[in-house]
Amino acid sequence: MGNDDKLYALYKCLTNLPFINSEYIFELFNFIKSKSENNEHFKDYLKYFKDNYLIKYDVGEWNYYDNIENTTNNCCESYHNKLNNYLIKNLLF
């Protein structure tokens, strides 16, 4: 795995923090930070994330772990299918 692939994986880990149990957020953030392999741009991003999400706001305000009802767009697809049942099919203009 190349350096860019590792950074991308760490970035994806960071963006998934809102869906992780809030008890583990700081531990996982520190793990991601330790694996950033001295990449200054990513460390700047981590500092921004820490300052703006971990310190500035309470984790409970942006963490969805306890409030996840729908993790896919299946609810949207279901609504769309029901809506299509009410519409005229094969409309010609």
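Further up the page is the structure itself.
Residues numbered from 1 in each chain as written. Predicted model: local features only at pLDDT ≥ 70, side-chain atom pairs only at ≥ 80, totals over all residues. Heavy atoms only, no water.

J.: Let's hear about the side chain of Asn63: which residues, and what values?
T.: Mapped onto the elements, Asn63 comes out in the loop between helix 4 (59–62) and helix 5 (74–86). A residue is classified by how much of its surface remains accessible, and Asn63, at 8% relative accessible area, is buried. A distance of 3.4 Å separates a polar atom in the side chain of Asn63 from the backbone oxygen of Leu17. There is a polar contact of 3.0 Å between the side chain of Asn63 and the backbone nitrogen of Tyr65. The residues touching Asn63, leaving out its near neighbours within four places in the chain, are Leu17, Pro18, Ile20, Ser22 and Ile25. (Helix = DSSP H or I, 4+ residues; strand = E, 2+ residues; numbered from the N terminus. Buried < 20%, exposed > 50% of the residue type's maximum accessible area, 1.4 Å probe, protein only. Polar contact = N/O pair within 3.5 Å; in protein donor to acceptor, adjacent residues only side chain to side chain. Contact = heavy atoms within 4.5 Å.)

J.: An account of the pattern of salt bridges is needed here, citing residue identities and associated values.
T.: According to the stated counting rule, one finds 1 salt bridge in the structure shown. A salt bridge links Lys47 to Asp51; its shortest N-O distance comes to 2.8 Å. Of the two residues, Lys47 and Asp51 are both situated in helix 3 (residues 40–55); the distance of 4 residues between them amounts to about one turn of the helix. (Salt bridge = Lys/Arg side-chain N within 4 Å of Asp/Glu carboxyl O.)

J.: Go over helix 3, please, and point to the residues and values.
T.: Along an α-helix, a turn takes 3.6 residues, which lines up residues three or four apart on a common side. Bending of helix 3 peaks at approximately 25 degrees at the position of Phe49. Burial in helix 3 covers these residues: Phe42, Leu46, Phe49, Asn52 and Leu54. Buried residues along helix 3 sit in contact with helix 1 (3–15), helix 2 (25–34) and helix 4. The opening residue of helix 3, the one whose side-chain oxygen lies 3.1 Å from the backbone nitrogen of His41, is Asn39. (Bend = angle between axes of the 7 residues up to and from the residue.)

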